[in-house]
Amino acid sequence: MRGTGSGRTRVKTARKRTAQSTRWLERQLNDPYVKRAKAEGYRSRAAYKLLELDEKFAFLKGVKRVVDLGLAPGGWAQVVRKAAPKAAVVGIDLLPVDPIDGVTILLMDFMDDAAPDRLIEELGGAPDLVMSDMAANTVGHPQTDALRTMALVETALAFAIDVLQPGGTFVSKVFAGGADSALVAEMKRNFATVKHAKPPASRKGSVEWFVVAQGFKGRSSDQA
Ligand SMILES: C[S@@+](CC[C@H](N)C(=O)[O-])C[C@H]1O[C@@H](n2cnc3c(N)ncnc32)[C@H](O)[C@@H]1O
């Protein structure tokens, strides 16, 4: 690894490193968001995606109960803790996560039938924000990857509609320019506003986008 005149860090391809992992390492080392995350104490550069989404849509202020789907390593949870220090936060991930003060973490598959009840039990009541940064592990087959990710988004949305407080917010990572039309229609039926955004921290070359649905209209049982 060596510096260049321009301040960029170059990485020499070590014998055991593939060209792909060399590119990844070089990108990490030169990524301003990675540097910022390190300096500002965030566990992931993903933290800035949530901060930038919140700058645009202002959904964090005053939240009381938050569900964080796909929490690891915990950047989003840290952002929520800073923005709303009194909020109860429960997160779930397949991967183990180092503890975060004030955050309950479930090591569990969100697709497990027991996950929704466990999340709400730990939270102690209905959330006013459900956020998902879950991404399926890609298998390199674009249709399969897209389907697996859409299944996560669909399940996260169904969960949000099932548990959110009226007025609540659903934020989710989606792919390929946005959620598909059936999913957007479902969001529009249930939320006052549905917006797509690609925050500056989301890498330009990635197919990742986010959807922000605000003003949950409530379940018909809430209105009865
Ligand atoms: C991009 S990372 C989340 C980054 C996080 N928002 C942050 O700021 O640190 C996506 C996470 O989703 C998790 N994930 C994917 N599928 C999941 C599932 N079915 N249940 C729980 N977590 C899942 C992955 O393990 C991964 O840690």
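Keep in mind it's a predicted model, so treat the numbers as computed, not measured. (Residues numbered from 1 in each chain as written. Predicted model: local features only at pLDDT ≥ 70, side-chain atom pairs only at ≥ 80, totals over all residues. Heavy atoms only, no water.)

### Remarks on the domain arrangement of the protein
We apply this condition: Domain segmentation is taken from an automatic or database assignment of domains.
Structurally, the protein comprises domain 1 (2–30) and domain 2 (44–223). For domain 1 and domain 2, the distance between their C-alpha centroids amounts to 33 Å.

### Concerning the layout of surface pockets
Applicable threshold: Cavity: a set of points on a 1 Å grid over the protein atoms alone where a 1.4 Å probe fits but cannot get out. Pocket: an open set with protein on both sides within 12 Å along at least five of seven lines, its lining residues, like those of a cavity, having an atom within 4 Å of a point. Grid points are joined across faces, edges and corners, and a volume is the space filled by probe spheres set on the points. Helix and strand definitions here come from DSSP, where helices need a minimum of 4 consecutive H or I residues and strands a minimum of 2 consecutive E residues; each element is numbered from the N-terminal end. Gly counts as polar in this scheme, as do all residues outside two lists: the nonpolar Ala, Val, Leu, Ile, Met, Phe, Trp, Tyr, Cys and Pro, and the charged Asp, Glu, Lys and Arg.
Computed from the structure, the largest pocket encloses a volume of approximately 1500 Å³. Residue lining of the largest pocket: 45 residues in total, with Asp133, Met134, Ala135, Ala136 and Lys173 positioned closest to the centre. Elements represented by at least two residues in the lining of the largest pocket include exactly helix H1 (19–30), helix H4 (75–83), strand S4 (88–93), helix H6 (142–163) and strand S7 (169–175). Element by element, the count of residues in the lining of the largest pocket is highest for H6, at six residues. The residue makeup of the lining of the largest pocket, split by class, is 21 nonpolar, twelve polar and twelve charged. Each of domain 1 (2–30) and domain 2 (44–223) accounts for three or more of the residues forming the lining of the largest pocket.

### Digging into the packing of aromatic side chains
Defined as follows: Side-chain rings of Phe, Tyr and Trp, where Trp is taken by its six-membered ring, are said to pair if the distance between their centres is within 6.5 Å; with planes under 30 degrees apart they count as stacked, over 60 as edge-to-face, and otherwise as tilted. Here the term buried applies to any residue with accessible area under 20% of the maximum for its type, exposed to any over 50%, and partly exposed to those in between, with areas from a 1.4 Å probe on protein chains only.
Tallied over the full model, the rule gives five aromatic pairs. Measuring from centroid to centroid gives 5.6 Å for tyrosine 33 and tyrosine 48, while their planes differ by 45°, and the two rings are tilted. With tyrosine 33 in helix H2 (residues 32–40) and tyrosine 48 in helix H3 (residues 47–57), the pair connects residues that are 15 residues apart, well separated along the chain. Plain terms: the ring middles of tyrosine 42 and tyrosine 48 are 5.6 Å apart, the flat faces sit at 85° to each other, and that makes the pair edge-to-face. Accessibility expressed as a relative area gives 11% for tyrosine 42, which makes it buried. Accessibility expressed as a relative area gives 1% for tyrosine 48, which makes it buried.

### Quick look at the pattern of salt bridges
The criterion, for reference: For this analysis, a salt bridge means a side-chain nitrogen from Lys or Arg found within 4 Å of a carboxyl oxygen belonging to Asp or Glu.
Evaluation of the coordinates by the stated rule reveals eight salt bridges. Between arginine 203 and aspartate 31 there is a salt bridge, and its shortest N-O distance comes to 2.8 Å. In this pair, arginine 203 sits in the loop between strand S8 (191–197) and strand S9 (208–216) while aspartate 31 sits in the loop between H1 and H2, placing the two residues 172 residues apart along the sequence. Arginine 203 gets classed as partly exposed once you look at its relative accessible area, which sits at 22%. Overall, aspartate 31 belongs to the buried group, its relative accessible area being 7%. Across the salt bridge formed by lysine 49 and glutamate 208, the nearest N and O atoms sit 3.1 Å from each other. Placement of the pair is lysine 49 in helix H3 and glutamate 208 in strand S9, with a sequence separation of 159 residues. The same class applies to lysine 49 as to glutamate 208, namely buried.

### Let's talk about the environment of arginine 65
Basically, it comes down to this: When checking whether two residues touch, look at their non-hydrogen atoms; a contact exists if any pair is within 4.5 Å.
Along the polypeptide, arginine 65 turns up in strand S3 (residues 65–69). Separated by 55 residues in the primary sequence, arginine 65 and isoleucine 120 place their C-alpha atoms 9.7 Å from one another. For arginine 65, the contacting residues outside a window of four places in its chain are Ala88, Leu123, Gly124, Gly125, Ala126, Pro127, Asp128, Leu129 and Gln165.

### Things to note about the site of the ligand
To keep it simple, the criterion reads: When we say a residue is near a molecule or strand, we mean one of its heavy atoms is within 4 Å of it. Polar contact is defined as a pair of N or O atoms within 3.5 Å, subject to the rule that within protein one atom must be able to donate a hydrogen and the other to accept it, and that residues adjacent in sequence are counted only when both atoms are side-chain atoms. Note on areas: Shrake-Rupley with a 1.4 Å probe; residue coverage comes only from the protein chains shown. For a cavity or pocket, the test is whether more than half of a molecule's atoms lie within 2 Å of its grid points; if they do, the molecule sits there.
In the vicinity of the ligand lie 21 residues, with Gly75, Asp93, Asp109, Phe110 and Asp133 positioned nearest. Contacts to the ligand include aspartate 93, whose side-chain N or O atom sits 2.6 Å from an oxygen atom. A distance of 2.8 Å separates a nitrogen atom of the ligand from a polar atom in the side chain of aspartate 133. For the ligand, whose unbound accessible area comes to 610 Å², protein coverage reaches 87%. According to the grid-proximity analysis, the pocket containing the ligand is the largest pocket. Broken down by class, the residue content of the shell around the ligand amounts to 13 nonpolar, four polar and four charged.

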